[in-house]
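Chain and residue survey
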Number of protein chains: 2
Amino acid sequence: MQSICFTSGLYQTEIERLDQLVDRKPSLLKGEFLYQSGEPFTALFAIRAGMVKVFSVNDLSQEVIHGFYVPGDIVGMEAMACQRHEFCAVALDTTSVCALPYPQLTRLAMEVPNLNAQIFSLMSQEIVTGRLHSTILAQKTAEQRLADFVLMMSGRLRARGYEYTQFRLNILHRDVACYLNLTPETVSRIFGKFQKLQLMSWKKKEVLIQDFDALQQIAQSSDQGN
Amino acid sequence: MQSICFTSGLYQTEIERLDQLVDRKPSLLKGEFLYQSGEPFTALFAIRAGMVKVFSVNDLSQEVIHGFYVPGDIVGMEAMACQRHEFCAVALDTTSVCALPYPQLTRLAMEVPNLNAQIFSLMSQEIVTGRLHSTILAQKTAEQRLADFVLMMSGRLRARGYEYTQFRLNILHRDVACYLNLTPETVSRIFGKFQKLQLMSWKKKEVLIQDFDALQQIAQSSDQGN
DNA sequence: CGTCTCCTTGACGTTCATCAAGTATTGTGG
DNA sequence: CCACAATACTTGATGAACGTCAAGGAGACG
């Protein structure tokens, strides 16, 4: 079962031991929380199916979205420091997850060096991802951000063996806007433009990418080049 | 010596074992690199004195600054996933660091649960810090970002027992601009305004904070409130 | 003491947010 | 299963915050 998350560096026997401590949760419905800000931290969550967004809420109770997580991803690592959640994680779709209870996980990690290294690696990757996100917010135009976003989601699905030119993506455009620090209006205008240019379409939760190269070019064009 | 970095959760005997694997480096001069993008990852670095900035370089060879690190901080954790640096770390001042060789560190961590937990905690904290940085870039006005930045640096010095109302900060305003996704011109204008209002001054690398409350208020004002 | 980099100050322009109003889509209860 | 309400998306007109460009002044380093 855990063939997706932690396992790239583990032996079969190690995977089996990991399986034993996994707490397989019932499916979450759209809108249900994995965790909320303020709750004590008890476990990491491995996503098996569906999609999750992680966000915080600012002073004016607007969401600030920090990431969308797909099957194979682990969420919750940001709470290990305080042993308390400062962020919220909510299902965007019917979602199934495995809980990895933290005390048991660390205990097992102390016995299985490969598992410990895997956790380090995942956390390190999360730091890098966060910095990339910052960079995109800071350096790219609205068009670049959107092209980048679509390609990134496609790439992550691809990396995990899913269809990546045409796929269901149950994310509100409003949430995309929020993740990329844009407004829904801007997102709408730019997706409209992309569709007119036959680069891609995103209607009714269905994404279709028609021209990867052109999107890539937009995403990378050296700032005001476009 | 290591009374600053990892040690909050360690016993004396554990600290001593950590001390044994520390590789105490000679001082770095301003402008010298701790590591550069592309180099293999060999060690984490604990900063003992001075200041370090971590950054990446974008397509147009402009720096994107991800953080400034002060004594007591650990840098390099983002490279654990790939075992290769994707970022650069450079001394902004005469800086002294300890290298914590990664293989030895992980080996020791396997024997000392407290140390392992400490590393998890630091990495988790780094994820949170990155998300806060994103949030500031995304949600705050130029004035708020600058007020926030000054208070943050002050707060970090304070947390580590240094002077925090008046202190040396060897960071170019250009680098502050880069970190906060602003231009040097904007930074100059706003610091000029803050000085006129007697909130703070920053001249010749010397920061003086005159009115914490007012800065706090600016940093937090609910967006366009100010 | 001179050069180079950094900082300052002003005038102007651009990107994207805001506001507003209308259309589509989704969800719900009868 | 349909009708209606609520939410999401679209499209246009306007505006503001900050970037860009330019030129002058101060500080730092050799």
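Our structure's up above, just so we're on the same page.
So, a few notes on the structure that sits alongside this text. Here the structure is a predicted model, which means the values were calculated and not measured.

Here we come to the protein's contact with DNA strand D. Inspection of the region around DNA strand D gives 16 residues, with A:Arg174, A:Ser188, A:Arg189, B:Ala142 and B:Thr186 positioned closest. Here DNA strand D approaches the protein such that, of its atoms within 4 Å, sugar and phosphate make up 63%. Between DNA strand D and the protein, one listed contact pairs a phosphate oxygen with a backbone N or O atom of B:Ala142 at 2.8 Å. Listed by contribution, the elements that provide at least two residues to the surface near DNA strand D are α5 (173–179) and α6 (184–196) of chain A together with α6 (184–196) of chain B. Class assignment for the residues of the surface near DNA strand D results in three nonpolar, six polar and seven charged.

Turning to the interface of chain B and chain A, a few remarks are in order. Counting residues at the interface gives 43 residues for chain B and 43 residues for chain A. Counting each side, the surface lost to burial between chain B and chain A is near 3,600 Å², with a carbon and sulfur contribution of 60%. Remark: the boundary between chain B and chain A carries four salt bridges. Across the contact surface, chain B and chain A share 20 residue pairs in polar contact (both at pLDDT 80 or more). It is helix α3 (residues 113–139) of chain B that provides the largest number of residues to the side of chain B that touches chain A, a total of 19 residues.

Once that is clear, we can look at the pairing of strand β4 (residues 52–57) of chain A. Residue and element names in this part refer to chain A. The buried fraction of β4 amounts to five of the six residues, a majority that puts the element mostly inside the structure. Note that β4 and strand β5 (residues 63–69) share six bridges and pair antiparallel. Each residue of the ladder has a partner; that of valine 57, found in β5, is glutamate 63. Hairpin connection from β4 to β5: five residues lie between these consecutive antiparallel strands, with serine 61 at a positive phi of about 50 degrees. As paired strands, β4 and strand β7 (residues 88–91) are joined by four bridges and run antiparallel to one another. Paired with phenylalanine 55 across the two strands is cysteine 88, which belongs to β7.

All right, on to the protein's contact with DNA strand C then. Around DNA strand C sit 17 residues, and of these A:Ala142, A:Thr186, B:Arg174, B:Ser188 and B:Arg189 come closest. In the interface set of DNA strand C, defined as its atoms within 4 Å of the protein, sugar plus phosphate atoms amount to 65%. The side chain of A:Thr183 places a nitrogen or oxygen atom 3.1 Å from a phosphate oxygen of DNA strand C. Between DNA strand C and B:His173 there is a distance of 3.0 Å, counted from a phosphate oxygen to a backbone nitrogen or oxygen. Listed by contribution, the elements that provide at least two residues to the surface near DNA strand C are α6 of chain A together with α5 (173–179) and α6 of chain B. Residue composition of the surface near DNA strand C, grouped by class: three nonpolar, six polar and eight charged.

Residues and elements named next belong to chain A. Counted by the stated rule, this structure contains zero disulfides over all chains. We note that cysteine 178 lacks a disulfide partner, and the nearest cysteine sulfur, in cysteine 88, lies 12 Å from it. Classification of cysteine 178 by relative accessible area gives partly exposed; the value is 23%.

Moving on: the pattern of salt bridges. All names here are of chain B. Under the definition given, this model contains 18 salt bridges over all chains. A salt bridge links glutamate 111 to arginine 17; the shortest N-O distance between them is 2.5 Å. Of this pair, glutamate 111 sits in helix α2 (residues 102–111) while arginine 17 is found in helix α1 (residues 12–21), placing the two residues 94 residues apart along the sequence. Notably, a salt bridge pairs lysine 53 with glutamate 63, separated by 2.8 Å at the nearest N-O pair. Linking lysine 53 in strand β4 (residues 52–57) with glutamate 63 in strand β5 (residues 63–69), this pair joins segments that are 10 residues apart in sequence. Accessibility expressed as a relative area gives 6% for lysine 53, which makes it buried. The exposure class assigned to glutamate 63 is partly exposed, which follows from its relative accessible area of 29%.

Laying chain B over chain A is done by rotating through 180 degrees and shifting 0.0 Å along the axis; what remains is an RMSD of 0.0 Å. Such a turn and shift between the copies fits a two-fold axis. Both copies contact each other with a shared surface, as 100% of the interface residues of chain B are interface residues in chain A too.

Our focus in this paragraph is the packing of helix α4 (residues 142–159) of chain B against α6(B). Two numbers describe a pair of packed helices, the interaxial angle and the distance between the axes. Residues and elements named next belong to chain B. Running from N to C, α4 and α6 point in directions that differ by 70 degrees, and their axes come no closer than 10 Å. Classified by the angle between their axes, α4 and α6 sit roughly perpendicular to one another. For the pair formed by α4 and α6, the contact residues are Ala142, Glu143, Leu146, Ala147 and Val150 on the first element and Thr186, Val187, Ile190, Phe191, Lys193 and Phe194 on the second.

Residues and elements named next belong to chain B. The antiparallel open sheet is built from four strands, whose spatial order is β1-β8-β3-β6. Looking at strand neighbours, the two that pair on one side only are β1 (23–24) and β6 (74–75), the edges of this open sheet. Of the pairings in the sheet, the one linking strand β3 (residues 43–49) to strand β8 (residues 96–101) comprises six bridges and is antiparallel in character. Its bridge partner being in β8, isoleucine 47 is matched across the sheet by valine 97.

Parameters at a glance
- Residues numbered from 1 in each chain as written.
- Chains lettered and ligands numbered in written order.
- Predicted model: local features only at pLDDT ≥ 70, side-chain atom pairs only at ≥ 80, totals over all residues.
- Heavy atoms only, no water.
- Near = heavy atom within 4 Å.
- Polar contact = N/O pair within 3.5 Å; in protein donor to acceptor, adjacent residues only side chain to side chain.
- Helix = DSSP H or I, 4+ residues; strand = E, 2+ residues; numbered from the N terminus.
- Nonpolar A, V, L, I, M, F, W, Y, C, P; charged D, E, K, R; others polar.
- Contact = heavy atoms within 4.5 Å.
- Buried area = accessible area lost by both parts, 1.4 Å probe.
- Salt bridge = Lys/Arg side-chain N within 4 Å of Asp/Glu carboxyl O.
- Buried < 20%, exposed > 50% of the residue type's maximum accessible area, 1.4 Å probe, protein only.
- Pairing = 2+ DSSP bridges.
- Disulfide = S-S within 2.5 Å.
- Least-squares fit on C-alpha atoms with pLDDT ≥ 70 in both.
- Axes fitted to C-alpha atoms, helices over the stretch in contact; angles between N-to-C directions.
- Parallel < 35°, antiparallel > 145°, perpendicular 65-115°, else oblique.

Don't take any of this as a statement about function, it's just geometry.
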